[in-house]
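Letter by letter, the chains look like this.
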Amino acid sequence: MNAIEPGFQFASDNTSGVCPEAWNAMLEANSGYAASYGDDPWTKRARELVREIFEFDCHVYFIFNGTAANSLALASMCQSYHSVLAHQLAHVETDECGGPEFFSNGTKLLLVEGEGGRVDPAAVEKVVRRRSDVHFPKPKVLSITQATEMGTVYRGEDLDRIYETARRLHLNLHMDGSRFANALATLNVSPKELTWKAGVDVLCLGGTKNGMAVGDCVVFFDDDLAYEFEYRCKQAGQLASKMRYLSAPWVGLLESGVWLKNAQHANAMARLFAERLQAFPGVSVRNNVESNAVFLQFPPAVAAALRSAGWHFHDFIGVGESRLMCSWNTTEQEIEAFLKSLADAIKQNP
Ligand SMILES: *Cc1c(COP(=O)(O)O)cnc(C)c1O
């Protein structure tokens, strides 16, 4: 007996719903009147919680999504004649429709390579040293993604090398933390170790993929870079008038510690999934599951059969692999259902 219908379970961590803690916080916030545009008690509390968690008197802005968070953060770190170094698979390059360039009025992204989705510091150095004349946009920011688009993480020693390189080359450090909680859950260190203590100037902290309905957060660990950021948010249409509905879920997730539990669960499911997938002939799984993503290669006919059975998953074009994502509500039964379809698909396409 199998009650699970194949569908969007593993297509992304934004195909899952809202976790109860986020939902309940929104429900609680939905009583009576509250000041608008962020002057409400929920937003105040959510800001305090972010400061407590990072153990830093940081500037905190709640906005609608990660593309805006990255784009506006990078815009506030750059002039139009600057450049941002990022991995060639970075979300800011591949999935934001030029948002960072648009909001910064032309700041150029310079792409670097690196194994497993991680920026290689030597490659950064090479690109920065290539030119130093006025005819080329001046490198100003190094952007890294934690956890990366390939499901890996930057460990302490990786971050040390990144920071050392950035500091030597006078680059500010931006972190796309759309899946920051997943990295934190894997590395099991305090949030400050992965951010301001590691030289991160600005963090875009993901809420949506962690279990909220909507909302990401921009955290500045540098006062100067946050200068007039609220105007950028407003101009970009990212200042919620009923802000309490964006900020209350953060209170629900951060106060209870569920933001980490959600990530731990998603990561554990991804590890289990990867382990179980190893047993299937013709399927090769990347063995570096360090967050909630599993990357693997199917024979094309098997992938096609899974899709016609109703499963959805993304192919990563530059990588030649498919990606299965787990989220806060992934169940073992869902994984079993997928594996059953996979076994059928392999049987039909030996
Ligand atoms: C999902 C994601 C974002 C944010 O995307 P939005 O769809 O704009 O919320 C940013 N960075 C990474 C690495 C992501 O996976």
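Predicted, not measured: the structure shown is a model, and the values here were computed from it.

1. Regarding the site of the ligand
Then, number 1: Around the ligand, the neighbouring residues are N65, G66, T67, N70, H91, E96, T145, E149, D176, S178, R179 and K209.
Then, number 2: Here an oxygen atom of the ligand sits 3.1 Å away from a polar atom, N or O, in the side chain of R179.
Then, number 3: Between an oxygen atom of the ligand and a side-chain N or O atom of K209, the distance comes to 2.6 Å.
Then, number 4: Looking at the shell around the ligand, the element that brings in the most residues is helix 3 (residues 66-77), giving three residues.
Then, number 5: Looking at the shell around the ligand residue by residue, the classes come out as no nonpolar, seven polar and five charged.

2. Points about the sheet that holds strand 9 (residues 293-297)
Strands in a sheet are paired, the pairing made by backbone hydrogen bonds, and the direction either parallel or antiparallel.
Then, number 1: A sheet is described by the order of its strands in space; here four strands give the open sequence 8-9-11-10, paired in antiparallel fashion. The sheet is open, and its two borders are formed by strand 8 (284-285) and strand 10 (314-316), each paired with just one other strand.
Then, number 2: Direction of pairing for strand 10 relative to strand 11 (residues 321-325): antiparallel, over a ladder of three bridges. Within the sheet, the bridge partner assigned to D315 lies in strand 11 and is S322.
Then, number 3: In the packing of helix 11 (residues 258-277) onto the sheet, the strands contacted are strand 8, strand 9 and strand 11, and the crossing angle to strand 9 comes to about 20°.

3. Notes on helix 1 (residues 20-29)
An α-helix turns once per 3.6 residues; consequently, residues spaced three or four apart project the same way.
Then, number 1: Those residues of helix 1 not exposed but buried are A22, A25, M26 and A29. Each buried residue of helix 1 lies within a common arc of 100° when the element is viewed along its axis, so the set occupies one face. In helix 1, the exposed positions that point more than 90 degrees away from the buried face belong to L27 and E28.
Then, number 2: Tucked inside the fold, the buried residues of helix 1 contact helix 2 (41-54) and helix 10 (244-256).

4. Details of the environment of T186
Then, number 1: Here T186 lies in helix 8 (residues 180-187).
Then, number 2: Sequence separation between T186 and A69 is 117 residues; the distance between their C-alpha atoms is 24 Å.
Then, number 3: If we ignore the near neighbours within four places in the chain, the residues touching T186 are V153, N267, E290 and S291.
Then, number 4: For T186, the side chain forms a polar contact with the main-chain oxygen of E290, separated by 2.5 Å.

5. Describing the domain arrangement of the protein chain
One frequently used descriptor of interface size is the decrease in accessible area upon assembly of the parts.
Then, number 1: Partitioning the protein chain into structural domains gives domain 1 (20-256) and domain 2 (259-348).
Then, number 2: Centre-to-centre separation of domain 1 and domain 2, based on C-alpha positions: 28 Å.
Then, number 3: On the side of domain 2, 21 residues touch domain 1, which itself brings 25 residues to the contact.
Then, number 4: At the junction of domain 1 with domain 2, the criterion picks out two salt bridges.
Then, number 5: Measuring nitrogen to oxygen at the nearest pair gives 3.3 Å for the salt bridge that ties R155 to E290.
Then, number 6: Our count for the domain 1 to domain 2 interface comes out at eleven residue pairs in polar contact (both at pLDDT 80 or more).

About the thresholds
Residues numbered from 1 in each chain as written. Predicted model: local features only at pLDDT ≥ 70, side-chain atom pairs only at ≥ 80, totals over all residues. Heavy atoms only, no water. Near = heavy atom within 4 Å. Polar contact = N/O pair within 3.5 Å; in protein donor to acceptor, adjacent residues only side chain to side chain. Helix = DSSP H or I, 4+ residues; strand = E, 2+ residues; numbered from the N terminus. Nonpolar A, V, L, I, M, F, W, Y, C, P; charged D, E, K, R; others polar. Pairing = 2+ DSSP bridges. Contact = heavy atoms within 4.5 Å. Axes fitted to C-alpha atoms, helices over the stretch in contact; angles between N-to-C directions. Buried < 20%, exposed > 50% of the residue type's maximum accessible area, 1.4 Å probe, protein only. Arc of directions from axis to C-beta. Domains from an automatic or database assignment. Salt bridge = Lys/Arg side-chain N within 4 Å of Asp/Glu carboxyl O.

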